[in-house]
Amino acid sequence: MSLFIGLIAGAGVDKSYILPIALITALVLTVNRNKIASSDQPEKSSRQHTKPEKGYYTWPESGRFACKIAAAPFQKVIQQLIQENIINLDDDSITKTHTLKAHLIPDNSNPFDSDVVHIDINGHPVCYLNHDESKNFHRRLHEKEISNQITICDAIISWSSETNKKTLRYTVKLDLEPF
């Protein structure tokens, strides 16, 4: 980015200014990278209470978080979510939790299984429902007359330390009845 700005601005003045402008731009962008990154993302609290997104059905909140999803293959993605949402992992308690909004997305484009459902949190896939869970979820959508629509529910990301205290294990639970 800084090289591009240096080329454009430096070429407009004199070609000998390209490198100094590129270096100054790189320095300014590096110093302000945290401000730039936080300016595109709205401030997040540990429990988001936002208006439902238009066009999406929002499942009623029960507060039970009874639906535990298989997040084992997505541990790195969940860790990235934790980092992006500025969640403090250094709290003293053994098990910690954080609530976010999950999008349950039916995907009919899969040629091998037309009932696939994946769960995204903040645009990151954290789970694909297995075949039976997907069938049950599609049945629920059909009962609500919202077949193949994206729906939203609260999700809790919790983590606990493994025995060596260096490895964290993440779990995702949805505020839905189990599939």
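Right above here is the structure, for reference.
Residues numbered from 1 in each chain as written. Predicted model: local features only at pLDDT ≥ 70, side-chain atom pairs only at ≥ 80, totals over all residues. Heavy atoms only, no water.

A. Main features of the overall build of the protein chain. Helices and strands together make up the secondary structure of the protein chain, namely 5 helices and 7 strands. Helices (α) and strands (β) of the protein chain occur, in sequence order from the N terminus, as α-α-α-β-β-α-β-β-β-α-β-β. Counting every position in the protein chain, which comprises 179 residues, the buried fraction comes to 34%. For the protein chain, the exposed area adds up to about 11,600 Å²; of that, 55% sits on carbon and sulfur atoms. (Helix = DSSP H or I, 4+ residues; strand = E, 2+ residues; numbered from the N terminus. Buried < 20%, exposed > 50% of the residue type's maximum accessible area, 1.4 Å probe, protein only. Areas by Shrake-Rupley, 256 points an atom, 1.4 Å probe, with all protein chains shown as cover.)

B. Spotlight on the pairing of strand β4 (residues 116–121). Among the 6 residues of β4, 6 are classified as buried, and the element is accordingly described as predominantly covered. Here β4 shows a buried face lined by V116, H118 and D120 and a second buried face lined by V117, I119 and I121. For β4 and strand β5 (residues 124–128), the ladder comprises 4 bridges, and the chain directions are antiparallel. Bridge pairing in β5 links I121 to H124. Here β4 hands over to β5 after 2 residues, with N122 in that stretch at a positive phi of 50 degrees. (Pairing = 2+ DSSP bridges.)

C. Representation of unusual backbone geometry within the structure. Of note, the phi angle at F65 is positive, near 50 degrees, even though the residue is not glycine. Summarising the element assignment, F65 is placed in the loop between β1 (57–58) and β2 (67–69). In this structure F65 comes out as buried when scored by relative accessible area, which is 10%.

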